[in-house]
Amino acid sequence: MWLPGWPTLRLQSAAAPDDAPLATVESVRGQRRLAAVCPRAGALGLHPGMALTQARAICPALAVAGADPAAERAGLAALAAWAERYTPLAAADPPDGFVLDITGCAHLFARGDEDGETALASDLLARLARRGLPARAAIAGSAAAAWALARCGEGLTVLPPGQERQALAALPLGLLRLAPRDIAGLLRLGVRTAADLARLPRGEIAARFGPAPLARLDQALGTAAETLLWPREPPPWQVQTAFAEPIGTPEDLARALRLLARRLCRRLADEVQGAQRFTAQFFRVDGERPAITAATALAVRNPAYVSKLLIARLDSVDPGFGVDAMVLAADSVGPLAPPQADLGNAGLGNAGLGNAGLGNAGVGDLAGHAGAGLAATLDDLHGRLGEGRLWRPAPFPSHLPERAVQHAAPLAPPQGWQTAPALPRPLRLLRRPEPVEAMAPVPDDPPVLFRWRGALHRVRAATGPERIAAEWWRGTPEPPAGREAADLVRDYYRVEDTAGARYWLFRTGR
């Protein structure tokens, strides 16, 4: 996708009236020059690189704005994310375009006699036009060929597979994305088009200009692979749907979620997989993408159960002026074998193989799992309380008592450090250490008397000290807020008072 004059299109509505030419300017060696021009300014003869004074002489009504490359790249990235309604592989292509990999996605948009690729690109161009972003598009077997054809064609260009050499033969060298220095050198040799470059001996071109020109030519012709940097890896377990007209009622959104859940869980069942996290994205007509997430304590692939958890969170989704596409993805996917049917009670008729074996439990219901009732309760609580609010304590490999426990999923299997410390530890610590007034005959000896929360305790038995220092391998440690640097070194004592209560006391500093 090519957006001619993208830096000015981004500013058109805010920086100038609709009928005024607009350009962005930058300072080059102390001189103000045009960085980008809108199509109207280009029709008047203005072009990037022109001095601002010369441009003002040609067009006194020219409106200017400062060039902001970072904001322009961020805007392209936002457009690419918006285009993920068509494919999970979308990335910005600075300075004025973005690229989509529609392999395996085009058939979802086919309608009537129009093939999926043409329908997808036409729909994308129409949506951009409604947003005030005129664009040109090209579909080809290689990203480089599509890049060149989008910049030399009008509207939409669809190149059949294997026709790159014929389509690019007459294109100038600049559309091969060669460096300006290489273009100037090739022009001096009389090489003006891609066909001229392809006819020259490859060894002589590589010896004189290096490998870059030939690599660019091969990428355009589709004979060499080109590495594209996508903003994120596409989820392998994802389904999507688009609507002919935007939807916005809770009933319609719930119906679409059930449809996507059935398609996704069918794929999971075919591969004997289950998932513990499902994310639904709603692509609104205004470009926003609200999302909801449902996490489960156990891996599931029951479409009714998955859609139930997601629909319970629909009240947090604002459909705006309508939703025209939805995507449902599964994360944390792993093997999930069908549970054993209860043949003794259910028999082989309906429940044995129909419901428990292959119907509900076989496609990922919680029935048949140990702790199924607890898992369903946890899933309901997760939907009410929010993500990350349910956890259980699990050991963590650290000798510091406040770091020796971590949060784990409620039903996750035990993992990590299971070795008991050399000395006994309390099962639970106070949220923050509380001050204690202690008396000891010798500074390093255990206390014989201490006062805590206003009560006086006499020590009957004690052991220690056990010195615990900060984790030096984690870098220069910082003391907790409101604590002294001496707190990073602590001497711990296990004491028992005359009433039989036991305490874990520590003294800070050396």
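Starting afresh in each chain, residues are numbered from 1 along the sequence in its written order. Only residues with pLDDT of at least 70 get local features here, since the model is predicted, and only at 80 or more are side-chain atom pairs given and counted; chain-wide, interface and lining totals rely on the full set of residues. Excluding hydrogens and water, the side-chain values take into account all heavy atoms of the structure.

Draft legend 1. Structural detail: the overall build of the chain. Counting from the N terminus, the helices are the DSSP runs of H or I reaching at least four residues and the strands are the DSSP runs of E reaching at least two. Along the chain, the regular secondary structure elements total 16 helices and 18 strands. A simple rule labels every residue: compare its accessible area, found with a 1.4 Å probe on the protein chains alone, to the largest value its type can have, and call it buried under 20%, exposed over 50%, or partly exposed in between. Among the 510 residues that make up the chain, the fraction classed as buried is 41%. Whether two residues are in contact is decided by their heavy atoms, any of which lying within 4.5 Å being enough. Counted over contacts in the chain with a minimum sequence separation of 6, partners at least 24 positions apart contribute 54%. If you sum the accessible surface of the chain, you get close to 28,200 Å²; carbon and sulfur atoms cover 54% of it. Accessible surface area values rest on a Shrake-Rupley calculation with a 1.4 Å probe, where residue burial reflects the displayed protein chains alone.

Draft legend 2. Summary view of helix H11 (residues 212–221). Of all ten residues making up H11, seven are buried, and the element is well covered by its neighbours. If you check which residues of H11 are buried, you get Pro 213, Leu 214, Leu 217, Asp 218, Gln 219, Ala 220 and Leu 221. Buried positions along H11 lie against helix H6 (143–152), helix H7 (164–168), helix H8 (180–188), helix H9 (194–199) and helix H10 (202–209). Just beyond H11, the residue with positive phi is Gly 222, at close to 80°.

Draft legend 3. Geometry of the packing of aromatic side chains. What counts as a ring pair is set by centres within 6.5 Å for rings of Phe, Tyr and Trp (its six-membered ring), and what kind of pair is set by the plane angle: stacked under 30 degrees, edge-to-face over 60, tilted for all other angles. Overall, the coordinates contain five aromatic pairs when judged by the stated rule. Relative to Phe 109, the ring of Tyr 86 lies with its centre 5.4 Å away and its plane at 40°, an arrangement referred to as tilted. Of this pair, Tyr 86 sits in the loop between helix H4 (69–82) and strand E4 (90–93) while Phe 109 sits in the loop between strand E5 (97–100) and helix H5 (116–130), and the two are 23 residues apart along the sequence. Aromatic side chains Tyr 492 and Trp 504 sit 4.4 Å apart centroid to centroid with 35° between the ring planes, which places their arrangement in the tilted category. Of this pair, Tyr 492 sits in strand E17 (residues 489–497) while Trp 504 sits in strand E18 (residues 502–508); the two residues are twelve residues apart in sequence, bridging distant segments of the chain. Criterion for a charge above a ring: Arg CZ or Lys NZ at most 6 Å from the ring centre, at most 35 degrees from the ring normal. In this arrangement the basic side chain of Arg 131 is found over the ring face of Trp 82, its NZ or CZ atom lying 5.1 Å from the centre.

Draft legend 4. Seen up close, the pairing of strand E9 (residues 273–284). Counting buried residues in E9 gives nine out of twelve residues, a clear majority hidden from the surface. Strands qualify as paired when DSSP identifies two bridges or more between them. Bridge count between E9 and strand E10 (residues 291–300): six bridges; the pairing is antiparallel. Considered in E10, the bridge of Arg 277 is made with Ala 295. Linking E9 to E10, which pair antiparallel, is a turn of six residues; within it Gly 287 sits at a positive phi near 95°.

Draft legend 5. Fine view of the sheet that holds strand E2 (residues 31–37). With respect to topology, three strands assemble into an open sheet ordered E2-E1-E3, the strand pairing being mixed. The open sheet has two free edges, formed respectively by E2 and strand E3 (63–66), since each of these has just one partner strand. Each neighbouring strand pair of the sheet contributes to a mean axis angle of 45°, computed without reference to strand direction. In the sheet, strand E1 (residues 22–28) pairs with E3 via four bridges, with the strands oriented parallel. Paired with Leu 22 across the bridge in E3 is Ala 63. For helices, the fitted axis covers only the stretch in contact; all axes are lines through C-alpha atoms, and the angles between them, taken along N-to-C directions, range from 0 to 180 degrees.

Draft legend 6. Here's a closer look at the sheet that holds strand E16 (residues 455–469). Read across the sheet, five strands follow the order E14-E15-E16-E17-E18 without closing on themselves; strand pairing throughout is antiparallel. The sheet is open, and its two borders are formed by strand E14 (437–439) and E18, each paired with just one other strand. For this sheet, the mean angle separating the axes of adjacent strands, direction not counted, is 40°. When E17 meets E18, the two strands line up antiparallel, connected through seven bridges. Across the sheet, Glu 496 pairs through a bridge with Arg 502, a residue of E18.

Draft legend 7. The arrangement of the state of the cysteines in detail. Two cysteine sulfur atoms form a disulfide, by the criterion used here, when they sit within 2.5 Å. Under the counting rule described, the total for this entry stands at zero disulfides. Here Cys 38 stays free of any disulfide, with the sulfur of Cys 59 as its closest cysteine sulfur at 8.6 Å.

Draft legend 8. Highlighting the nonpolar core. We define the nonpolar core as a collection of buried residues of types Ala, Val, Leu, Ile, Met, Phe, Trp, Tyr and Cys that are connected through side-chain atoms lying within 4.5 Å of one another. In this structure, Phe 278, Phe 282, Met 326 and Leu 328 are the most contacted members of the largest nonpolar core, which totals 30 residues. Looking at this core, the elements that each hand over two or more residues are strand E8 (238–247), helix H12 (250–270), E9, E10, helix H13 (303–311) and strand E11 (323–335). Looking at this core, the element that brings in the most residues is H12, giving nine residues. Setting aside its immediate chain neighbours within four residues, Leu 328 contacts Trp 237, Gln 238, Val 239, Leu 260, Ala 261, Leu 264, Phe 278, Thr 279, Ala 280 and Leu 310.

Draft legend 9. Region of interest: the pattern of salt bridges. For salt bridges, the criterion is a side-chain nitrogen of Lys or Arg within 4 Å of an Asp or Glu carboxyl oxygen. Under the definition given, this model contains 18 salt bridges. A salt bridge links Glu 434 to Arg 453, with the shortest nitrogen-to-oxygen separation between them at 2.8 Å. Residue Glu 434 is found in the loop between strand E13 (405–408) and E14, and its partner Arg 453 is found in the loop between strand E15 (449–452) and E16; the two are separated by 19 residues along the sequence. Note that Glu 496 and Arg 460 form a salt bridge whose closest N and O atoms lie 2.3 Å from each other. With Glu 496 in strand E17 and Arg 460 in strand E16, this pair connects stretches of sequence that are 36 residues apart. Taken together, the salt bridges that share partners define one network made up of Arg 85, Asp 123, Arg 127 and Asp 324.

Draft legend 10. Layout of the layout of surface pockets. Detection works on a 1 Å grid of protein atoms alone, calling trapped sets that fit a 1.4 Å probe cavities and calling open sets with protein on both sides within 12 Å along at least five of seven lines pockets, with lining residues defined by an atom within 4 Å of a point. Grid points are joined across faces, edges and corners, and a volume is the space filled by probe spheres set on the points. By volume, the second largest pocket is sized at about 910 Å³. Forming the boundary of the second largest pocket are 39 residues, of which Val 99, Leu 100, Ser 142, Ala 143 and Ala 146 lie nearest the centre. Only E4, E5, H5, strand E6 (137–139) and H6 provide two or more residues apiece to the lining of the second largest pocket. Counting residues per element, the lining of the second largest pocket draws most heavily on H6, which supplies five residues. Note on residue classes: Ala, Val, Leu, Ile, Met, Phe, Trp, Tyr, Cys and Pro are nonpolar, Asp, Glu, Lys and Arg are charged, and everything else, Gly too, is polar. Its residues assigned to classes, the lining of the second largest pocket shows 27 nonpolar, six polar and six charged.

Draft legend 11. Representation of the packing of H10 against H11 in the model. As a packed pair, H10 and H11 sit with axes 8 Å apart at the nearest point and diverge in direction by 130°. By the criterion of interaxial angle, the relationship of H10 to H11 is oblique. Packed against H10, whose contacting residues are Arg 202, Ile 205, Ala 206 and Phe 209, the element H11 presents Pro 213, Leu 214 and Asp 218 at the interface. The residue inventory of the contact of H10 with H11, partitioned by class, reads five nonpolar, no polar and two charged. An angle counts as roughly parallel when it lies under 35 degrees, as roughly antiparallel when it exceeds 145, as roughly perpendicular when it falls between 65 and 115, and as oblique in every other case.

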